[in-house]
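Coordinate analysis (summary)
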Amino acid sequence: MAYSDYEAVIGLEIHAQLFTKSKIFSTASTEFGEGDNSQVTPVCAGMPGTLPVLNKGAVELAIKTGLALHCEINKKSVFSRKQYFYPDLPKGYQISQYDLPICSGGYVEFYLNGKLRKVNLERAHMEEDAGKSTHHGDYTLVNLNRAGVPLLEIVSGPEMRSPEEAAEYSRAVRQILRYIGVCDGNLEEGSMRCDCNVSVRKKGVEKLGTKVELKNINSFKFIEKAIEYEIQRQIDTIEGGEIIVQETRLYDSTKNKTFSMRSKEEAQDYRYFPDPDLLPITLDTAWIESIKKGLPELPLAKSQRFQTDYGLAELDANVLTQEKEMSDYYEEVAKKSGNPKIAANWMMAELMRELKDNKVDVENSPVTASALAELVQLIDKGTISGKMAKQVFAEMWTTKDKPSNLIQKLGLEQITDESAIAKIVDDVIAQNADQVAQYRSGKDKVFGFFVGQVMKISKGQANPDSVNKLLKEKLK
Amino acid sequence: MLNKETVLKVAKLARLNISEQEAEEYQTQLAKVLENFQKLTEVKTDGIEPLVTPSPIDFYMRADEVSQTVTAEEIIKCAPDAKGSLYKVPPVV
Amino acid sequence: MDLGKASLRDISTAVKGKAISAKEVTNFFQQRIEKLNKKFNAFVTLNESAQKEAEAVDLKIQKGQDPGFLAGVPVGVKDLFCTKGLRTTAASKILANFVPPYTATCVQRLQDQGAIVLGKTNMDEFAMGSSNETSNFGTCHNPWNTDYVAGGSSGGSAAAVAAGLVPATLGSDTGGSIRQPAAFCGLAGVKPTYGRISRYGMIAFASSLDQAGPMARTVDDCAFLLDAMCGHDAKDSTTSARPWEKLAAQKNLKSYKFKVGLPKEYFEHNIEESVKKAFWDTIENLKKQGVEFVDIQLPHTPYAVPVYYMVATSEASSNLSRYDGIRYGFRAEPPAKDWASLDELYSVTRAQGFGDEVKRRIILGTFALSTGYYDAYYSKASKVRRLIQNDFIEAFKNCDLIMGPVTTSPAFKTSTRINDPIQMYLNDIFTTSINLAGLPAMTVPVGLNSQGLPVGVQIMAPHFAEAAMLSLAQGIEDVSDMKGKVPHGV
């Protein structure tokens, strides 16, 4: 086995569902979980004489995605028919884009082991999804509810070299899709699907090896594992003196193996040709520009801005920009509280833990951004200690009440009145003559004892700074 | 060119079960059609944009709105074989 | 009023004015169909609800509501147009049992104006043919002489009107399928600009060529149907948004104030004497009326038929992939107990479900689109197609309209050409370039030849210039010998 002599070449085809209300070419709903074949119009079923009519919403989302991926949006693109027979493909062809896609070029940037990586894209094109077949041994059942759901296929160049990089790339794409709100990027439910093209070659060789397409991968972890397995398999095959067959293989996650899907003699001839039922998509600059204006700040740029504007560490900024909603929440807390650092710490430590433990999305957090901002302010001003704040936060989570109300209710307000603290300090000094003597004879360590006593009597509510200051004065 | 083997191959691609004899028949007839087509080679088409939609029609998109005018029952009623509201076909795998 | 010869204008006026009920009109034509259809095989499916639909029109009139400008007008619809609840087969075994849950937009628009669909008319299977002999329902016969074909592919629609079974019909024209049978049966037939009439619900043969259109005895009748059908449809994004100016509303559509081009290439063909004579007689007549004629050139005419067959079969091979025995239509019985594979189901179903001509075209089209041949065939054809269109654009710089023959001969005898595809294809020589260029064109009947077979002439117009085309057509009709002539025994 000469694994280290080889280099893997990986390219990804990511199919992202564009979240429209109706299908790409028909008025049927895209909602899932409805009755069998109930989201099917005669157009979806490919009935005789029916025609596709393009959904403007789908085009808008495709443009939006293309812009977020830094693609060039083509003023003219063409739908073609990709022809093959399959029971879940109602017309005997899939309407897709072939030689003139809506988006060309583009790139995705992401961090891999602390280093910024840039993967170039070849294209992104629109197409319709097929229906769903379920296999029952001696028969197969077909549901066309999915048939015609709009997809954008994002095709990367063969630019990735490791399974980890491929997984990170797809996570970055998913993050962008979610940020701009075109797709929820759910691999398990199939709203995002990743096909991986994998080949290997000896290091230093320029010519690409024969590529194998991996399908049926439904998690980021499996992208990594499937590619890892496939690289090893290909190297083993070559080292064993055999050649790689260009084919499609399915990944079986339970066995962690890839299996050949169809044999080579059934090579497809898709007979692409421009669909005469649909005119070329022609886009005007004004529309593209207006979509561009509505595009939110993208995760990487936002993370960089958080680092400069709020002085956050790179890692913290990345965590806070993982999801758009989280980053929006953070920004509100940071701005309203006036202390972005405490805000960041509190979100990453307390808020995110509670959200995760209770499986709540940040949009639905019982602690709102303004409530958290108020808490951060109270900490910042020294009204409550960090320890108390944790108690208050727990109350905020369960009661949804404002921190100021809760502090009063719990009697947790810090004692900042120096005359009140001075009285306690005087009492403590008076009642502990021995320790006073020790301290005055030079045993500095005893100071902590006095602080502890004062805090104990004040039930922790005395402002620590005042306590320190007064003790030092009075023990002199 | 279009020989009998090609006809059989193309018929397979088009999912048409044809006999050897039919293939021969089609081959003879279609060869004549293709021969007739050969005279197009004399037409210069360099730089000519292919024509698909033959009249000036403005690009049209529909608004993203849902409208369901038929029921699953009406759709599935047309099918030669079904189970519940699903199409039933011989095993694919 | 002699209903059998009445115009759409007269029928709808009488119905609206309660001189006759829609139901009575329907009854009259239904009885004619019952009596005569066997002889011609024009109708293949009858609409059992026609009476009820006519009653609904009558009720509207009684209530003082607007029944539409086609109130009570009976129509026949080519079996290519989907009609909700009424069997629609494209004259193919593969759709023999298909009852659509939707109606084609153009049929719906006729119904919205009060027209009553009496039934579905015969045609070549999937509109592939020029003689109505590839129909799963059998040949349709020409009412002028039943030994002759009615033409195709809209043969049933032509025969039905010629035989007086119905005053007007709906046909479709992919390479001449309205104009040729109209000529063979002595009718007016219009193929509008590509994109004028919605294709939604019209079973596709070749999507970039197909266009629906009316067939009737007179130009005015055709105008009525066009007025109802033309215009943008949100279900077909290849329809034009251009407004359609209502033509039938104009009392006098007739005009001779045109400069008409005569393409020299059309007369280099072997055209039968009677067709030639009828054509030049018409030109002479029109000259007398003040029509100006100029010679024009359409140099790519010789390539139209091969280009047409390549484009049409390529698109058809794709359009007909959906007939696979899964979601609707015919599914073959498995040869053994069970299907050996899904592919076997597909292949056997399609082999049994499609007729010879359809299979021939699917094979040709599949071949033309397959890897290694695309550039030489489909792509080459699409480029020459543009040159053919450019010819017309150039020609129309020097003339308003173009005239030519419709076919090289009048109707031919049944079974004489069906086994010779090339001979049959060449029949389309004067009609296909119009579809390739997306232009409007129509047939106007001009007379009968010595054998008593009708002859027509063709008018071709620039994109969206149907109004001018119908105006000249009205002018030709007014000076033609055809007026009032009907076949013997009908």
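Check the entry above for the structure.
So, a few notes on the structure that sits alongside this text. These figures come from a predicted structure and were not determined experimentally. (Residues numbered from 1 in each chain as written. Chains lettered and ligands numbered in written order. Predicted model: local features only at pLDDT ≥ 70, side-chain atom pairs only at ≥ 80, totals over all residues. Heavy atoms only, no water.)

Concerning the sheet that holds strand β16 (residues 273-274) of chain A
The strands making up a sheet are joined through hydrogen bonds of the backbone, oriented either antiparallel or parallel. Residue and element names in this part refer to chain A. Rules: We treat two strands as partners when DSSP finds at least two bridges between them. Numbering of helices and strands starts at the N terminus; helices are DSSP runs of H or I of at least 4 residues and strands are runs of E of at least 2.
Strand order in the open sheet made by the three strands is β5-β4-β16, with antiparallel pairing throughout. Both outer strands of the open sheet, β5 (93-97) and β16, are each paired with one neighbouring strand and no more. The pairing of strand β4 (residues 79-83) with β5 spans five bridges and is classified as antiparallel. Looking across to β5, one finds that S80 is bridged to S96.

Observations concerning the interface of chain A and chain C
Stated formally: Any two residues whose heavy atoms approach within 4.5 Å at even a single point are treated as in contact. Take the accessible area each of two parts loses on contact, using a 1.4 Å probe, and add the two losses: that sum is the buried area. Each polar contact in these results corresponds to two N or O atoms within 3.5 Å; when the atoms are within protein, one needs to be able to donate a hydrogen and the other to accept it, and residues that are neighboring in sequence are counted only if both atoms are side-chain atoms.
With 31 residues of chain A in contact, the opposing surface of chain C contributes 37 residues. Both faces combined, the contact of chain A with chain C buries some 2,700 Å², and carbon together with sulfur accounts for 58% of it. Among the residues of chain A in contact with chain C, P48, L51 and F85 of chain A are the three that bury the most area, contributing 23% of the side total. Summed over the shared surface of chain A and chain C, the result is 15 residue pairs in polar contact (both at pLDDT 80 or more). The set of elements that each furnish at least two residues to the side of chain A that touches chain C consists of β4 and β16 of chain A.

Focus on the interface of chain B and chain C
Threshold: What makes a salt bridge here is a side-chain nitrogen of Lys or Arg within 4 Å of a carboxyl oxygen of Asp or Glu, nothing more.
Taken residue by residue, the interface counts 52 residues in chain B and 67 residues in chain C. Between chain B and chain C the total buried area reaches about 5,300 Å² when both faces are included, carbon and sulfur atoms providing 70% of it. Counting the surface chain B buries against chain C, the share from its top three residues, R15, F37 and L51 of chain B, is 13%. Taken together, chain B and chain C are joined by three salt bridges. Taken together, the connections running from chain B to chain C amount to 19 residue pairs in polar contact (both at pLDDT 80 or more). When residues of the side of chain B that touches chain C are traced back to their parent elements, those giving at least two are α1 (4-13), α2 (20-37), α3 (72-76) and β2 (86-89) of chain B. A total of nine residues in the side of chain B that touches chain C trace back to one element, the largest contributor, which is α2 of chain B.

As for the side chain of T313 of chain C
In this fold, T313 of chain C is placed in helix α9 (residues 304-319). In contact with T313 of chain C, other than residues within four places in its own chain, are Y308, R361, L364 and G365 of chain C.

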